[in-house]
Amino acid sequence: MDIEIRPCASAEEVRQAITPIGYYFGSSAPDQNQAERVARVLPAERIYAAWEGERAVGGLGAYPFQLAVPGGRVPAAGVTIAGVLPTHRRRGILRAMMRALLDACYRQGEPVAYLWATEDTIYGRFGFGLASFTAEIDLPRERSAFHAAFAASGRVRLLPPAAAEEYLAPIYEQVAAATPGMFARSSAWWQTRILVDPPWRRGTGGDLQCAVLEEEGRPSAYALYRMNWAFERGLQTGSVAVIEALGTSPEAMRAIWRYLLDIDWMARLRASLLPLDHPLLLLLAEPRRLGFSLRDGVWVRLLDVQAALSARLYQTHGSAVIEVVDEFCPWNAGRWRVGSDRVDRTEDAPSLRCDVTALGSVYLGGFTWTQLARALRVQEVLPGAAALADAIFQARSAPWCPEIF
Ligand SMILES: CC(C)(COP(=O)(O)OP(=O)(O)OC[C@H]1O[C@@H](n2cnc3c(N)ncnc32)[C@H](O)[C@@H]1OP(=O)(O)O)[C@@H](O)C(=O)NCCC(=O)NCCS
């Protein structure tokens, strides 16, 4: 039977479109409540499904995000729910859905798409480049002393997560606006994605906990976490699992992490989805004890090279002429002059030559042109061009997306 690719037009169609990805999470049929929760943050018309008659055999959607980039924010498609039933795999269904979705996002004026990949071999062919690393830690509490004496200022309060949005959202917004890779959260996002505590998310952990640090009466940091208590022969072996801990100043960050590290009964502190330049690395006396381990983070795809590159800030004067190859979105192919004053098409000779995936890798500041040239992912046509482009593209912090979407 023929497959038709089209966006969803009803809650029932959304339910169908999330069924293929739900299958891989072990669910045979998401119910209408799940579909309604998805539709609160992901409008039906932004979800494409592959229809075989009345039945969806694949789904792919894009959240409408405002993504922080160095020096600003840009509308971005947060690509999600990619799934094709095992009965229909490797027949080009993901490719066809990606075509329809990315074309629609481009037409609607979203110059960037980004995603988390379950496998790092899937998305390069569609022009996504690895744009950040993310780190995981597993720290024994008894080795968690800071390198310098710390006296707590402020007060930590425990709040029921369901009532915490008004305290957490302004802190998150301040951090997210200044951190490339983070996106703005709507109230619906807080309520359906962050402050809810469905049993399937708990694993072996306890309830979702929320702690807020107040300094001079104002919330300045928060932590969302779970307690995994355990004892063996009377000794504590449990861990605190940190889901998200953010602060609006270095002092607030230090205080909220000290709070987490000092919770009694816990033998370890575990956290994932941390940025490469997380302050704990330099706060601790023994950073080696973090077991700081890396894996790929978000992947970025420039859908509209001119608009995307124009939306971010560059650090120095001067410009680079970059010749871009883009098979999946050929309108981006050609030579682009990128500089602090403007980004334009040009016929000038290129100083660098690359595939569009390389632009995705440098866009948020997660990788340098020099790194890409060393890995032969960028060709340095003029000697020294990568170093010059690095000076132009340099970002102040590592990209960070603290949640998988
Ligand atoms: C990944 C998945 C969506 C691919 O769907 P699909 O319809 O089989 O993909 P397509 O047939 O359109 O394949 C498109 C291309 O991607 C490649 N590809 C697809 N899945 C791949 C994978 N898991 N690893 C490596 N390459 C993959 C195909 O070989 C094909 O390559 P080509 O265009 O060079 O020939 C599907 O296998 C699936 O649902 N997997 C489980 C859930 C999942 O991992 N989703 C991704 C969430 S980020």
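These remarks concern the structure in this document. For every chain, the first residue of the written sequence is number 1, and numbering continues from 1 along that sequence. The predicted nature of this model means local features are confined to residues of pLDDT at least 70 and side-chain atom pairs, given and counted, to a pLDDT of 80 or more, with totals for whole chains, interfaces and linings taken over all residues. Processing note: side-chain calculations cover all non-hydrogen atoms of the structure and skip hydrogens and water entirely.

Strand order in the open sheet made by the seven strands is β8-β9-β10-β13-β14-β7-β15, with mixed pairing throughout. The open sheet is flanked by β8 (155–159) and β15 (293–296), the only strands paired with a single partner. In this sheet, adjacent strand axes meet at a mean angle of 25° when their direction is disregarded. A strand pair is defined by DSSP finding two or more bridges across the two strands. Under the scheme used here, helices are H or I runs from DSSP no shorter than 4 residues and strands are E runs no shorter than 2 residues, and both carry numbers assigned from the N terminus. Across five bridges, strand β13 (residues 238–247) lies against strand β14 (residues 266–274) in parallel orientation. The residue bridging Val-240 from the neighbouring strand is Leu-269, located in β14. Convention adopted: a line fitted to C-alpha atoms gives each axis, helices being fitted over their contacting stretch, and angles between N-to-C directions are expressed from 0 to 180 degrees.

The cut-offs for exposure are 20% and 50% of the maximum accessible area for each residue type, with area from a 1.4 Å probe on protein chains only; residues under the lower value are buried, those over the upper are exposed, and the others partly exposed. Of the two faces of strand β20 (residues 352–355), only the one carrying Leu-352 and Cys-354 is buried; Arg-353 and Asp-355 on the other face are not. Where strand β17 (residues 319–325) meets β20, four bridges bridge the pair, whose relative direction is parallel. Bridge pairing links Glu-323 to Arg-353 in β20. Summarising the sheet, β20 and strand β21 (residues 378–380) pair through three bridges and their orientation is antiparallel.

A word on the sheet that holds strand β3 (residues 55–69). If you walk across this open sheet you meet the seven strands as β1-β2-β3-β4-β5-β16-β6, and the pairing is mixed. Both edges of this open sheet fall to β1 (4–7) and β6 (129–130), since each of them pairs with a single strand only. Sheet topology note: the strand β4 (residues 72–84)/strand β5 (residues 112–116) ladder contains three bridges and is parallel. Bridged to Ala-77 within β5 is Ala-113. Two residues qualify as a contact provided that any one of their heavy atoms is within 4.5 Å of a heavy atom in the partner residue. Sitting on the sheet, helix α3 (residues 93–107) is in contact with β1, β2 (47–52), β3, β4, β5 and β16 (298–302), with an inclination near 40° to β3.

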